[in-house]
Amino acid sequence: MSKTVNSSEFRKMVTNGARMLELNRAEIDARNVFPVPDGDTGTNMSLTLQSAVREMNACSSNRFQEICDAVSKGALKGARGNSGVISSQIFRGICSVVRDTKDAFDTKTFAKAMEAGSKIAYGAVSIPKEGTILTVVRLMAESAPKLAGKHKDFVPFLTALIEVGDEALAKTPELMPVLKKAGVVDSGGMGLMTILRGFLSALSGEEADLADIPAEASEVKKDDDVFGDNADIINLDLGEIEFAYCTEFFVINLKKMTTLADIDKLKEKLMNIGDSVICIGDLELIKVHVHTNTPGVALTYALELGELDRIKIENMLEENRAIRAKLEAEKKEMGMLSICAGKGLEEIFKDLMCDRVIEGGQTMNPSAQDIADAVQKINAANVFVFPNNSNVILAAEQAKGLVTNRTIHVIPTKNVPQGFAAALAFNPEASVPENKTNMTHAIDNVASGQVTYAVRETTMNGFKLKEGDIIGLNNKRILAKGDNIAETTCKLVKALKNDDHGMITLYYGEGVKEEEAEELAGKLSEQYPDCDVDFHFGGQPVYYYMVSLE
């Protein structure tokens, strides 16, 4: 047994925690409160941890400080969904204590790390809810010091800590009635306990049976080319260009004494004075490319091998100044970024003048880094972000810390119809505070719901459901149940509608035909002659219809 953990063992703990999480990802996803086919807690937490592992593996140092900083950074960059963001904060807290370790840490230090993890995770959520992953980490953190005093060896210490966590997890249904009604424990807490089991197995020599984590496992699809902008250079700082001159040439008529080994030596010399080095060829012709601050030195090195031909030296600083000047002249005060899944929904947001739309929603939450990257590609000083999903809002807030030269304003849209309302409220002539106020008020006037199917048998919100039932729900409750999609959608509209609503809009998803949506819109027009009824192609997965009432 081990009484201390060194940096190499800590690496194994983090890696094995991520592996164990990936092994159990599908099972954790299935613990979703609503019995709908979009549970994603396990996926979000797994992708968050995988990002931490990738950043850690890229760290060449074996000092705790550098390793812990890499884990914290990677977890934040990859944080997806509420569970992923909270997990990243737990790791941030753990690493804030462990990073001060010189050679190895003991169980008392890890107990302090758990306390820090709990404290920082709670601080990341504006209104912490008990009966969640927060409760599980808090109860473990409260017990950790006493357990560390009792157990000096890590294996019995972690075993005892996991017992406390399992008991806390089992109690989550009692603390959160919605879990009890659904007959499940908290999925985020389950994910955390899976990570802790990964820690234990790493130290007990029983590593999770899973292939190495892929470089980009199940990442959210990027759409860098959708808008055809200069996104790669839009934020390039002149100070970041370390080597100013792009230098290209050929070496011809090589000297008789030149050997293939000399070509390799030339490449090594060029690498010492610059980067982006290409030095390929044979004793007939050599092609050279290098970014350097001393192009004359590069040419002098090459002259030792033969004659120079087709020399081209470009000042990248001057090119960048011109690009920056153009972009600065075109920079606007405000821009908009929306997050959604479905080609039709994406096109509507573009029609509403959103600068960028990135793919995301249930089962495919974008990370904080994904959101930050998209914001960086909008040439505006202030960017309004529409998460359009309650599980994306926290990641959008975390993205603020990853953006340096933009100000992010998160409009807390919980669904796509609210996002449309917010975008419609945008006025380029108004100030940033005015737009923020108008957008926030606009989303309050939207009632919305979704129609999908039940993935398991359960009783919830007064409905006895069996697998395959068509159900209608809003962000909080199941409101309707039926045998077919159209019938259930009508019931959902009836449950959502009040006398103030004068507009009903249907967004039909993938798998629903246009003529079916048109027929349903006709039925609703007959039922509600005082309302305008419209329908649009959304193309969203999972949900047959999204419904908006205004």
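What this report covers is the structure whose coordinates are included nearby.

Procedures and definitions
Residues numbered from 1 in each chain as written. Predicted model: local features only at pLDDT ≥ 70, side-chain atom pairs only at ≥ 80, totals over all residues. Heavy atoms only, no water. Helix = DSSP H or I, 4+ residues; strand = E, 2+ residues; numbered from the N terminus. Buried < 20%, exposed > 50% of the residue type's maximum accessible area, 1.4 Å probe, protein only. Contact = heavy atoms within 4.5 Å. Areas by Shrake-Rupley, 256 points an atom, 1.4 Å probe, with all protein chains shown as cover. Polar contact = N/O pair within 3.5 Å; in protein donor to acceptor, adjacent residues only side chain to side chain. Pairing = 2+ DSSP bridges. Axes fitted to C-alpha atoms, helices over the stretch in contact; angles between N-to-C directions. Patch = residues over 30% accessible without salt bridge, like charges linked within 9 Å, V, L, I, M, F, W, Y side chains within 5 Å. Salt bridge = Lys/Arg side-chain N within 4 Å of Asp/Glu carboxyl O. Lys, Arg positive; Asp, Glu negative; His and termini not counted. Charge placed at Lys NZ, Arg CZ, Asp CG, Glu CD. Expected span 1.5 Å × (residues − 1). Phe/Tyr/Trp six-rings, centres within 6.5 Å; stacked < 30°, edge-to-face > 60°. Core = buried A, V, L, I, M, F, W, Y, C linked by side-chain atoms within 4.5 Å.

Scanning the protein chain for helices and strands turns up 20 helices and 18 strands. Sorting the 550 residues of the protein chain into buried and exposed places 53% on the buried side. The contacts of the protein chain with a sequence gap of at least 6 include a subset with a gap of at least 24, amounting to 72%. Surface summary for the protein chain: the accessible area is close to 24900 Å², and the carbon and sulfur share equals 50%.

By secondary structure assignment, the location of threonine 413 is in the loop between β10 (407-410) and α17 (416-424). Within the structure, the side chain of threonine 413 is placed 2.8 Å from the side chain of asparagine 388, a separation counted as a polar contact. If we ignore the near neighbours within four places in the chain, the residues touching threonine 413 are Phe386, Pro387, Asn388, Asn389, Ile393, Gln418, Gly419, Ala422 and Ile443.

What follows deals with the sheet that holds β10. Taken together, the four strands give an open sheet; going across it, the order is β8-β7-β9-β10, and neighbouring strands pair in parallel fashion. One side of each edge strand has no neighbouring strand; the edge strands of this open sheet are β8 (356-359) and β10. Averaged over neighbouring strand pairs, the angle between their axes works out to 25° when direction is ignored. Here four bridges tie strand β7 (residues 332-340) to β8, and the two strands are oriented parallel to one another. When the sheet's bridge partners are listed, cysteine 340 is paired in β8 with glutamate 359.

A separate point is a positive patch on the surface. Residues Lys3, Lys108, Lys112 and Lys152 make up a contiguous surface patch of positive charge. Among the secondary structure elements, lysine 152 is positioned in the loop between α7 (133-150) and α8 (154-175). According to the relative accessible area criterion, lysine 152 is partly exposed, its value standing at 42%.

Attention now moves to the side chain of glutamine 540. Tracing the backbone shows glutamine 540 in the loop between β17 (532-537) and β18 (545-549). Taking relative accessible area as the criterion, glutamine 540 reaches 1% and is therefore assigned buried. Among the polar contacts listed, one links the side chain of glutamine 540 to the backbone oxygen of tyrosine 507, at a separation of 2.9 Å. Aside from chain neighbours lying at most four places away, what touches glutamine 540 is Ala341, Gly342, Leu345, Tyr507, Tyr508, Gly509, Glu510, Tyr545 and Met546.

So, about helix α6 (residues 107-124). Over its 18 residues, α6 runs 26 Å from end to end, which matches the ideal 26 Å to within 8%, given 1.5 Å per residue. Those residues of α6 that sit buried are Thr107, Phe110, Ala111, Ala113, Met114, Ala116, Gly117, Ser118, Ala121, Tyr122 and Ala124.

With that out of the way, let us pick up the packing of aromatic side chains. Counted by the stated rule, this structure contains 16 aromatic pairs. Between phenylalanine 91 and phenylalanine 199, the aromatic rings sit 6.2 Å apart at their centres with planes inclined by 80°, giving edge-to-face as the arrangement. Of this pair, phenylalanine 91 sits in helix α5 (residues 81-98) while phenylalanine 199 sits in helix α10 (residues 187-204), placing them 108 residues apart in sequence. Here phenylalanine 91 and phenylalanine 199 have matching classes, each one buried. Geometrically, the ring pair formed by phenylalanine 110 and phenylalanine 199 is edge-to-face, given 6.4 Å between the ring centres and 75° between the ring planes. Residue phenylalanine 110 is found in helix α6, and its partner phenylalanine 199 is found in helix α10; the two are separated by 89 residues along the sequence.

Our focus in this paragraph is helix α19 (residues 485-496). If you check α19, its first and last C-alpha atoms are 16 Å apart, about what 12 residues at 1.5 Å a residue would give, namely 16 Å. Those residues of α19 not exposed but buried are Thr488, Thr489, Cys490, Leu492, Val493 and Leu496.

Our focus in this paragraph is the environment of aspartate 483. Looking at the secondary structure, you find aspartate 483 in the loop between β15 (478-482) and α19. For aspartate 483, a relative accessible area of 69% corresponds to the exposed category. Separated by 12 residues in sequence, aspartate 483 and isoleucine 471 place their C-alpha atoms 8.8 Å apart. With sequence-adjacent residues up to four places away left out, aspartate 483 is seen in contact with Ile470 and Thr488.

What follows concerns the pattern of salt bridges. Oppositely charged side chains may form a pair once their charged atoms are brought near each other. What the rule picks out here adds up to 20 salt bridges. One salt bridge in this structure joins arginine 25 and glutamate 22, with 3.2 Å as the shortest N-O distance. Classification of glutamate 22 as partly exposed rests on a relative accessible area of 23%. Notably, a salt bridge pairs arginine 310 with aspartate 309, separated by 3.5 Å at the nearest N-O pair. Owing to a relative accessible area of 27%, aspartate 309 belongs among the partly exposed residues under this scheme.

Grouped together as the largest cluster of nonpolar side chains are 81 residues, with contacts concentrated most on Phe10, Phe110, Leu161 and Ile371. Not counting residues within four places of it along the chain, the set of residues in contact with isoleucine 371 comprises Leu337, Ile339, Ile358, Pro366, Val385, Val392, Ala395, Ala396 and Ala399.

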